[in-house]
Each structure stands twice: as structure tokens, then as C-alpha cells.
Amino acid sequence: VRDGSSKSRAGGRLERLFRSWYAGLLDRSAMAGADRAEAVEVAVARLRDRRSSGVWAAMRFAMKELVDAARLPRTRALGASDPAIERTSGGPRRGRGDRAMDFAKDVGQALRGLRRRPVLVVGVTLTLALGLAATTVMYSVVSSVLWRPLPFAQPDRVFMVWGYYPELDLGYPELPVHGLQFSRIREEGRVFESIAAFKSDLFNLEAGGTRERVDGLRTTGALFRALGVHPAIGRFFDEGDEAPGSDRIVVLSHDLWLRRFNGDPGIVGNAVRINGEPYTVLAVAPAGFAFPRGGDMPQNFQMPKSTALWVPMAPATSGPSDLAMVGRVRSGVTTAVMQEDLDRISAVLSTEYHVKDSFLTRAVSMRTQVIGDVAPTLIVLLAAVFLVLLIACANAAQMLLAAAIARRRELALRAALGAPRGRLVRQMFVEALALALFAGGCGMLLAAAGIRAVRAFGPTRLPRLAEISLDPRVIAFALGLTLLTGLLFGIVPALAGTRVDPFDAMRAGGRNSSGGLPSRLRQGLLAAEVAVSLVLLAGAGLLMRSLVAQYRTDLGFHSGALTFEVTLPPVRYPETRSSRPTYLDNDRVIEFIDHTIGTLRELPGVEAASMAKPLPLSGAQEATVYTVEGAPAPAPGESPPFAEYTVIGPDFFQTMGAPMISGREFTTSDRRDSDPVVVVNRAMAEKMWPDEDPVGRRIKLPPPNRPWMTVVGVAPDLKQFEVTEAARPVMFVPFTQGAYPPLATSTFVVRTRGDSRALLPSLRRSIAQIDAELPIAGIRTIDDLIGQATAEPRFAALLVSGFAIAASLLAAIGLAGLTLWLATQRRREMGVRIALGATRSRIVGEVLRDGILVVAIGSAAGIVAALALTRLMRGMLYDVSPLDPLTFIASPLALMAAVGLACAIPALRASRVDPRAALDAE
Amino acid sequence: MSHPTSSEADLDTDARRFLPLTHLALHVLLSLAAGDGHGYGIIRDIEERSDGLVSPGTGSFYEIMRRMCEDGLIGEVEAPAESTDARRKYYGITALGREALRLETVRLTGLVREIRKLGVLGGPAA
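Residues numbered from 1 in each chain as written. Chains lettered and ligands numbered in written order. Predicted model: local features only at pLDDT ≥ 70, side-chain atom pairs only at ≥ 80, totals over all residues. Heavy atoms only, no water.

Trainee: Please clarify how the overall build of chain A should be interpreted in this entry.
Mentor: Scanning chain A from terminus to terminus reveals 28 helices and 22 strands. For chain A, with 922 residues in total, the buried portion stands at 52%. Considering only intrachain contacts with a sequence separation of at least 6, the fraction spanning at least 24 residues in chain A is 78%. Per element, the accessible surface of chain A, about 42000 Å² overall, is 59% carbon and sulfur. (Helix = DSSP H or I, 4+ residues; strand = E, 2+ residues; numbered from the N terminus. Buried < 20%, exposed > 50% of the residue type's maximum accessible area, 1.4 Å probe, protein only. Contact = heavy atoms within 4.5 Å. Areas by Shrake-Rupley, 256 points an atom, 1.4 Å probe, with all protein chains shown as cover.)

As C-alpha cells, then:
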């Protein structure tokens, strides 16, 4: 077919040109490699075939083939929409299938694109996951604690009723009430639909051959009706079941039922042994019901963390005030009307008993009771964590924006080749969304771990701690946040990144045009991040300092001792005068305690042993008024002196490692029939006998016929509730003389040489020798007690520190990103200047300058904000001023160091630019 | 790429999914029904049979071949002994492809009958 050498040469050139173009176009298509090679050969062969029909026919064929190849990625469908065929009858039509295909392709392309940029993916994921996890955990806590309705019917009508005593600071405002008060309110009150009185108690439960001590509640009948709960199985008891004789019935908690009775549905009607007596199981409470939970109730009531069983009781007409009350008001009764009715009843009682102010009660809505004063703290923490999330979003947006700008050249090229802008925007959007979802997933995993940590390590006094969970609403919230974040920072950089003049981008290599967000705005954002981080750092610093101060506080005693509790069931130590085994016999209890202390002392490795009710850092037993011998009676309208009241054994202070200030402590010779004695703490001594030694003085407790007690010693102030408390007057009396009613539960303290826990086996053996049926419970070291007492400040400090570190990290990452971006933008310029002899340190300095400016402005604003805001934390601080200079110097320095380091790395990298490479890159 | 376990009814339903066949697919099946062939040969066959009216772009053609292979209408077969180029892929029609071709022929025949009824061809109306 070769006719003429010139024609042949021209044909050869056309063929070569065609081959290279055609192969290039096929390379960009989705065609498989082997097919591609063959297709090129076939196309060239067909071109050769056309040559016989003339150059124009060949050229026309070549153009047709090139167009066909250029359209290849879209020629997928075999159906009627096949463009190769449709073209003969009026141009390609695109169906729904194509669009779905495009979307799938966008997703695929986005994922491939992300895999090519691991730094971006890791940075954005870390940033968003941290922000989302922190927000989700905090939101979960807040929504569970503050916003989820209480688990009672019409919870707005449920109120706690407490006693109170005006102008008396015992460190706790809520006081227990007396059975008499309760009975009068129940009988004469007009506002309550139902009301119940209750007190926590410990029960020895025997079931399935094992004994266990469980936390339970003695309550009058209407408790469940007042709260508005319904049993899971069986029926709850009511006021008709209070009467002695019908009161050997018990309601089990859902947990206890599952744990001890394997969720046996036939449990109702069965008998269990409680404190050695048979009780009939009446009902199983609904899952999660454990009223009262200690975290929801006033601390001085010493209620257990959760309640596992409920037994009915009738209100006592004598004995101490030791009851709490809960009632359901009739609908429509206002708080004012309720209070008026309560005041009316206490006035009646005051007149009857001729005592002023002794029967006052105050109603508190259950909501206020449970949530208490944590609401403002939680809201502040939630606000802080939202700031962290905003920082995270801004950071992620910055990173994506920088990435979009770096890709402008690629985008411009694709736009020039005919890719529609909508398609490019969509693709980048899909990319951002995929990234956001991935980061969101990581964040959720992190959040789930975080919530478990909060439940495990959160302070027991945080109300509703057990209810905190990642509930569906929280998941919806987090998912919403994730998508919102994806939209937010997906759309903006996508729009900014594609609004590019192709010629400009191609020519300048993406160097000099501003990409969407002006860099002033970016710098402003970063300065704000630095400021917020600094506020959080300062807050965390103050809380940490406060925590350290608490650890350093002199508690008045030393660690290194072991404590445990034993509860005596009345049935085994019954009062001999009574026909019913309801009350403990005081003589038998004293004998038991005495014998136990003696046995403990004999154990090898024991230095000292004693008992106390209650232990330091475990709250107070009771408080009482007293009279000082020779002191004038209090003027009318003035309150008599008040002190807390603790029952202890001989050598208690020696066992606690708390040396006496003066006088002696109790010994085994302070017996029931010897002279009544008392030890006072330093605070009481300084208050009542400011300038003299109180040893030898006498005081007396009401009623007036009680004997005088002689002060035999002054003890140091021991922390009773928490480390941060101020010392209050406390009197100590020997267990042989002071306990009323008899001590059902005693806490023993044993100081050992060496590891105190090694003592446990022999300790259990010796208690079993005294009474084989008594379980030992509440085994803790003094260090455990201290740990518990500092759990709340530790939690707050750790939480805020976590936020602060996260925020600082984010700010550092953001600044490093900005510096890196600026350095990359100026790469060419740097290359030129280095080539012209500029020193590297000068280049580093210039790159750093922008970062330093941002940090300086941010720090200044942050310090001002922190100085204003930390004042609000005054209540959370102990022994640290909200303007603590150390904190306010150290936190900006730490932040600057972190951020400086983050900026230095990209700056140093910029200075190592190889001038030739930088110029060649253009 | 045949379906040995399918009954004829299944094959019929399977093949019916591809109807109507595109021009190019019909031509490919027609060409392969006469005997196995390679890409270049099939293209030439199509061009000859259609008097040059159907002349697919090479890229589109290979794309169609790939899709038809995926759909099981055609399949790759071993090169015949007399093949000169070992790299060339040879294609053959499958039972499914044959059935699709048959169904399409029936459909087109019906179509032609309709057209005849209108007397467009000038012949006697049926």
C-alpha cells in the first residue's frame, strides 16, 4: 500500500503522533492494562487501513478515535444509554445509573485521595476525634445528670423534707428529723399525697448458703407510692405493712435479685434470712432503682452508694432524730404553700414540747436535692469543652483549607480539561465528609472509653453517676455534630479551593493568590485558640495546685492502718428485757467490741487496735448541744454550744497516729460504771476554754439528769468529712459510756507493722472465732479513705487538665499547620534569598515571626480572660488564690514552649530549602 | 461462561435482561455466533457486515467487550492453533449470549412484521 516516500513519511509521523496521544488518553481511562495495549495496536491498525482512502479519511478517523478515547471513563453502560451508539442519533444522554456511578466514583476517588495524604488524615482525625470525644463525654455527663428526667413518676411533685436549725453551722445544712415529727406531718399535713420516713441500715443477708452484708433501707410504708415507682415483679409494701408482726417482708433491688437469686422469677413469696430472721420476699424493684443513692443525698446522712433492699418500719416515738423524709405533694400545691404547712406543724410541736426552733423542717424538690450545686460547675465544664470542639473544628477546617490550596493546581488543571466545578466541589465535599465520619467514628470509640472511665473513676458524690451512659440521644447528638462539622469545613474549603482562575493557578503554581479565608482571619482564629487554651490551662493549673495542697494538708492522723466494719444483728444480741428481738443489747455490744479489740491487739504484727463510730473522713455520727459547768446559761435567743459527737475505743488516737495535745486518751479502765469522761478536739477547746487547759473541766449533755462528764484530754483536729473543711468542735466519748442507741455497726482500726493487708486472713479468722456468723465488710486502708475524700477535686482537676492539654495540643497543631503553610507558600522566595546569601537563622526567624505574633496576642488576651474567669472557680479551690502567681506565670510559659516547638519544626524545614530544587519546582 | 446448571427457562429470563441489545452488542454477538474471533477481526467483521455504517471507536469497542464479558454474554477463549499473535485475546459467544441473540432476533422479527403491516416496504400487507 506504500506509494511514494513523502506520503509514507507523513503517514508515519501521523501514526506516531496518533499512537502517543491515543495511548495517553487510554492511560487515563479505567481500561485494564492488557486491553489498553491491544486497543492501541488495533486503533493504529485501523488507522493504517484508512490510509488507503486518503489522508483526510485517516485524519477524520484519528480525530474520531481520540474523541472516543477521551470519553472512555464514562462509556460504561451496555444498555440503551451507551454513548457509542447513541451518538449516531443525537448526542449522549446521561441516566440515573451514570449519576450513581459518578457518586461511587467520587467516593472512591476521595478515599484514594485521602490515602495519598496520611498527614492530613491523621491530623484531622486526631483533632476532630479529640474534640468530639471530649464534647460527647461531657454532654453525656450533663444530659444524664441534669437533663434526663428523674426515674420517678411526675418527678416535679417529689420533695425531700429535712430538719434544720437556724444559725447553726455544722458544715451541713440538712438535719435528720424525729419519728414524732414525721408522724405529725403524715397525720396532720395537708399538702402531701403520700410521705415516707426512712433511714439507711446494714443487713446481714443469708441466701444460698452464703452470708453477705448489704446496704438497705428501713422505711415507712408509703416510700414507693411517694416516689411513684412500680415493682418489676410482686407488689411493694405500703402503710398497712408497717405494723410489728406483719413487717418481716423485704423488697429486693433488681441488681441484688440478679446477683444473688439469678433473676429467679419465682422469688416472690420465698423466704430469705436477714439478720438471722426469716423475711418473705414481697417484690423486686425495677431495674436501676436504688433509692436513696448516697451521691444524691446530703453527705452527713452517710447513705450508701446504692440501696439493695427495703424493709418496712413504723416511725419511732422515742430515740434519736435519725430519719429522712420524702413526700409527693398534691398536684397544684406550690412550694410556698407546702412550706407554710410544714411551718404550721413545727409551730404546733414547739408549743407542745416547749422548745424553740427544734422542729423546723424545710422542703427541697427532689430535682434540686439530686442535682444540688453541681449544675453551675457542669455547665462551665460543658462550655469549656464546647470551646475545645470549636477549636478543633477551626483547626480541621484550616488543615483542609491548606490542603485544598496546595491542590489548586491540580484542580485548575481538571477544570481546564472540562471537569465541571460542581463535580469538583462535590468530590472535595465527599472527601471532607468521609474524613469527618472517620474522625467521628474514632471520636465515638474514644468517647465510649471516656464514659466508662468517668463511671469508674468519677467521684461517688457526683449525683446520678451510675446513670451516666452513651444513650441514643447522645449518639444522635454526636452524629449530628460530626455531620455538621463535615458540612461546615467540607463546603467552605471546597468552594474556596475551586474558585480559582485556571490560568492564574497554572502560571503562579498556586503561590500568590489568597485562598478563600484571608490569612488575617486564620491568624485571628489561632490567636483565639491560644487564648482559650490559656484560660483552660490556668484553670487546670489552679485545680492541680489546689489538689496538691489537699494532699499536703495535715489530716490530723497518719496512714498505714486498716479499717473494717462489723454489723451486729439484733436477733443474735437481743435486748434481754424485750420479748421481741428488735433492739440490740448494749451490754452485749460493749462486750463484743471490747473482746474484739482485745483479740485484734493480740494478733502478730499489730501495733495498736481500736474502734470508732464514725471514722475520720467518714462523716459525723451526730451533733449535740451541751452545757459547760460554771458557764453562764445562754441568753434568750442565743443558741447553746453545739459539737459533733464521736464514739471511740481505748487508744484510738494512738492507733490513728494522732498524738494528744494534752491530757490522756481513753483506756480500758474507762468502763461503763467508772466516772464519765470525754475528750475534746482542739477546735472545741479553743472555742470554750480559749486561754486555759480544759483538762479537768466538766460538761453535760441533755437531758438535765445525765451525769457530768470530765474532760480528760485534748485531741488534734481530725478531718471529719473532707480535706478542705475547717475544723469544727468535736467531742469524743468512750464506747462503753456514750453510745445511744447501741452501736449496730462498729468500725475497727488496726495499725500494723508492715503491709496492713497481709493481716486480713488472721483478722478474718479471729472475728470468726468470736462470732462465726458475722461477715466483715468495708475493708479499707486509711489511704483508701483519703483517696475517697479527694476523689471529687481529683476528678475536676483531671477533667479540666485533660481539656487544657487537648486545647493546647490543638492550638499547637494549628499553629504548626499555619507556619508550615506560610513556609510552603514562600518556598520559592526563600530559595531565591538563600541563593542570594541570606542566612538560615534569618529565614527561620522570619517564618517564626508570624507564629510568635499570634501566640503573643493570644496569650495576652488569654491571661486577661483567665484572670476574670478563674474568680468564678473560687469555690472549687483550696488554699490557692484564684490569682495564684505561679499558675499565671507557668501556664503561659508552658503554652509558649509547646507552641514554639510546634512552629520551630516547619520553620527549620523551611530554612533547609535547597535553592535549586525550590526554583526547579516551578 | 455458560450456565450448565440453569434450565432453559432460567436462561431465557437471564438473557431477557439485556433486551433490547445495543447495536454494537448485537453486532458483536452476530460476529461471534459465526465463530470465535479477536478484537481487530470482530471490528472488521462488523464494519463489513454493516457496509461501514457501524464503525465503533476502538476504545468504546473494548469497553463494550469488557462489559459483555462481565455480563457473561461472551467470554475469552483459547487462541486457535493458526493464530499469529499470541498476545491477541480471542472471544467466543456463550450460551447466554446465544440466547440473548435469539431473543433479540425474535424481537426484531416481530418489529419487522409490524413495519411490514404498515406497508412501508411496499409488499403485500399480511
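Trainee: What is the right way to read the overall build of chain B from this model?
Mentor: Within chain B, the regular secondary structure consists of five helices and three strands. The linear arrangement of helices and strands in chain B, starting from the amino end, is α-α-β-α-α-β-β-α. When each of the 126 residues of chain B is scored for burial, the buried share is 45%. Long-range pairs, those at least 24 residues apart, make up 61% of the contacts in chain B with a sequence separation of at least 6.

Trainee: Explain the packing of aromatic side chains here, please?
Mentor: Residues and elements named next belong to chain A. Enumeration according to the criterion identifies 13 aromatic pairs over all chains in this entry. An angle of 20° between the planes, with centres 5.2 Å apart, marks the rings of Phe 18 and Tyr 22 as stacked. Separated by four residues within a single helix, Phe 18 and Tyr 22 lie in helix α1 (residues 5-27), roughly one turn from each other. A single burial state applies to Phe 18 and to Tyr 22, both of which are buried. Aromatic pair Phe 224 and Phe 289: ring centres 6.0 Å apart, planes at 50°, arrangement tilted. You can see Phe 224 sitting in helix α8 (residues 223-227) and its partner Phe 289 sitting in the loop between β7 (277-284) and β8 (309-312), a full 65 residues away along the chain. Side by side, Phe 224 and Phe 289 carry an identical accessibility label, which is buried. Taken together, the aromatic side chains of Phe 224, Phe 236, Phe 237, Phe 289 and Trp 310 make up a single cluster linked through ring pairs. One Lys or Arg, Arg 50, reaches over the ring of Phe 61 and ends 4.4 Å from the middle of that ring. (Phe/Tyr/Trp six-rings, centres within 6.5 Å; stacked < 30°, edge-to-face > 60°. Lys NZ or Arg CZ within 6 Å of the ring centre and 35° of its normal.)

Trainee: I keep staring at the interface of chain A and chain B and nothing clicks. Help me out?
Mentor: Many descriptions give the size of an interface as the accessible area lost when the pieces come together. Residue-level contacts link 24 residues of chain A with 27 residues of chain B. The interface formed by chain A and chain B contains three salt bridges. Measuring nitrogen to oxygen at the nearest pair gives 2.5 Å for the salt bridge that ties Lys89(B) to Asp35(A). Put simply, chain A and chain B have 15 residue pairs in polar contact (both at pLDDT 80 or more) between them. When contributions to the side of chain A that touches chain B are tallied by element, the ones reaching two or more residues are α2 (33-50), α3 (55-70) and α4 (83-86) of chain A. In terms of residues, the side of chain A that touches chain B owes the most to one element, α2(A), which gives nine residues. (Salt bridge = Lys/Arg side-chain N within 4 Å of Asp/Glu carboxyl O. Polar contact = N/O pair within 3.5 Å; in protein donor to acceptor, adjacent residues only side chain to side chain.)

Trainee: Looking at this structure, how should I read unusual backbone geometry?
Mentor: A negative phi angle characterises most non-glycine residues, just as the trans form characterises most peptide bonds. All names here are of chain A. Here the amide bond leading from Phe 291 into Pro 292 is cis, since omega sits at -5°, within 30 degrees of zero. In this structure, Pro 292 sits in the loop between β7 and β8. Residue Pro 614 follows Lys 613 across a cis peptide bond; omega there is -5°. Assignment of secondary structure puts Pro 614 in the loop between β12 (606-613) and β13 (622-625). Look at Gln 154: it is not a glycine, yet its phi comes out positive at around 40°. Within the element layout of this structure, Gln 154 appears in the loop between α6 (118-147) and β1 (158-163).

Trainee: Any chance you could explain the sheet that holds strand β1 (residues 37-38) of chain B here in plain terms?
Mentor: Pairing between the strands of a sheet comes from backbone hydrogen bonds, and it takes one of two forms, parallel or antiparallel. Residue and element names in this part refer to chain B. Here we have three strands laid out as an open sheet, ordered β1-β3-β2, and antiparallel in their pairing. Of all the strands in the sheet, just β1 and β2 (74-77) have a single pairing partner and so form its edges. Two elements, β1 and strand β3 (residues 90-93), share two bridges in a ladder whose sense is antiparallel. Residue Gly 37 lies in a different strand from β3, and its bridge partner there is Tyr 91. (Pairing = 2+ DSSP bridges.)

Trainee: It is not clear to me how the pattern of salt bridges should be interpreted in this structure. Could you clarify?
Mentor: If charged atoms from side chains of opposite charge come close, those side chains can pair. All names here are of chain A. Applying the stated criterion across every chain yields a total of 38 salt bridges over all chains. Note that Arg 248 is salt-bridged to Glu 277, the shortest N-O span being 3.2 Å. Here Glu 277 lies in strand β7 and Arg 248 lies in the loop between β4 (233-234) and β5 (249-252), a separation of 29 residues in the sequence. The exposure class of Glu 277 is buried, given its relative accessible area of 14%. In this structure, the salt-bridge partner of Glu 692 is Arg 697, at a minimum N-O distance of 2.8 Å. Sharing partners across several salt bridges, the network here consists of Arg 186, Arg 225, Asp 238, Glu 239 and Glu 242.

Trainee: Which parts of the structure should I look at to understand the environment of Gln339(A)?
Mentor: All names here are of chain A. Note on placement: Gln 339 falls in helix α10 (residues 335-353). C-alpha separation for the pair Gln 339 and Arg 362, spaced 23 residues apart in sequence, amounts to 6.7 Å. With sequence-adjacent residues up to four places away left out, Gln 339 is seen in contact with Thr 361, Arg 362 and Ala 363.

Trainee: What's the story with the nonpolar core in this structure? I'm lost.
Mentor: In a soluble, globular protein the nonpolar side chains are often hidden away together inside. Judged by nonpolar contacts, the single largest core of 68 residues is most densely connected at Met138(A), Leu378(A), Leu536(A), Phe803(A) and Leu815(A). When residues in this core are grouped by element, the largest group, 17 residues, is from helix α24 (residues 791-825) of chain A. Of all hydrophobic cores here, the second largest spans 46 residues; its members include Leu47(A), Ala69(A), Ala15(B) and Tyr62(B). (Core = buried A, V, L, I, M, F, W, Y, C linked by side-chain atoms within 4.5 Å.)

Trainee: Would you mind showing me how to read the packing of helix α18 (residues 586-602) of chain A against helix α22 (residues 760-770) of chain A here?
Mentor: A pair of packed helices is characterised by two quantities: the angle between their axes and the separation of those axes. All names here are of chain A. Packing of α18 against α22 leaves a shortest axis separation of 10 Å and a crossing angle of 145°. The crossing of α18 and α22 is right-handed. Of the residues in α22, those in contact with Phe 592, His 595, Thr 596, Thr 599 and Leu 600 of α18 are Leu 763, Ser 766, Ile 767 and Ile 770. Its residues assigned to classes, the contact of α18 with α22 comprises five nonpolar, four polar and no charged. (Axes fitted to C-alpha atoms, helices over the stretch in contact; angles between N-to-C directions. Left-handed = near helix turned anticlockwise from the far one by under 90°. Nonpolar A, V, L, I, M, F, W, Y, C, P; charged D, E, K, R; others polar.)

Trainee: It is not clear to me how helix α26 (residues 840-869) of chain A should be interpreted in this structure. Could you clarify?
Mentor: An ideal rise of 1.5 Å per residue puts 44 Å on 30 residues; α26(A) measures up with 42 Å between its terminal C-alpha atoms. Arg849(A) marks the point of greatest bend in α26(A), at about 35°. (Expected span 1.5 Å × (residues − 1). Bend = angle between axes of the 7 residues up to and from the residue.)

Trainee: In this structure, what is going on with a nonpolar patch on the surface? I would like to understand it.
Mentor: Taken together, the side chains of Leu111(B), Ile115(B), Leu118(B) and Val120(B) define a hydrophobic patch exposed on the protein surface, amounting to about 400 Å² of accessible area. Examined against the element boundaries, Ile115(B) turns out to sit in helix α5 (residues 95-117). (Patch = residues over 30% accessible without salt bridge, like charges linked within 9 Å, V, L, I, M, F, W, Y side chains within 5 Å.)

Trainee: Is there a simple way to think about the pairing of strand β9 (residues 324-329) of chain A in this case?
Mentor: Within a regular beta strand, the side chains point alternately toward one face of the sheet and then the other, so they alternate between its two faces. Residues and elements named next belong to chain A. The element β9 is largely enclosed, with a buried count of six among its six residues. The side-chain alternation of β9 yields two buried faces, one formed by Ala 324, Val 326 and Arg 328 and the other by Met 325, Gly 327 and Val 329. Summarising the sheet, strand β2 (residues 192-207) and β9 pair through six bridges and their orientation is antiparallel. Along β9, the bridge assignment pairs Ile 195 with Gly 327.

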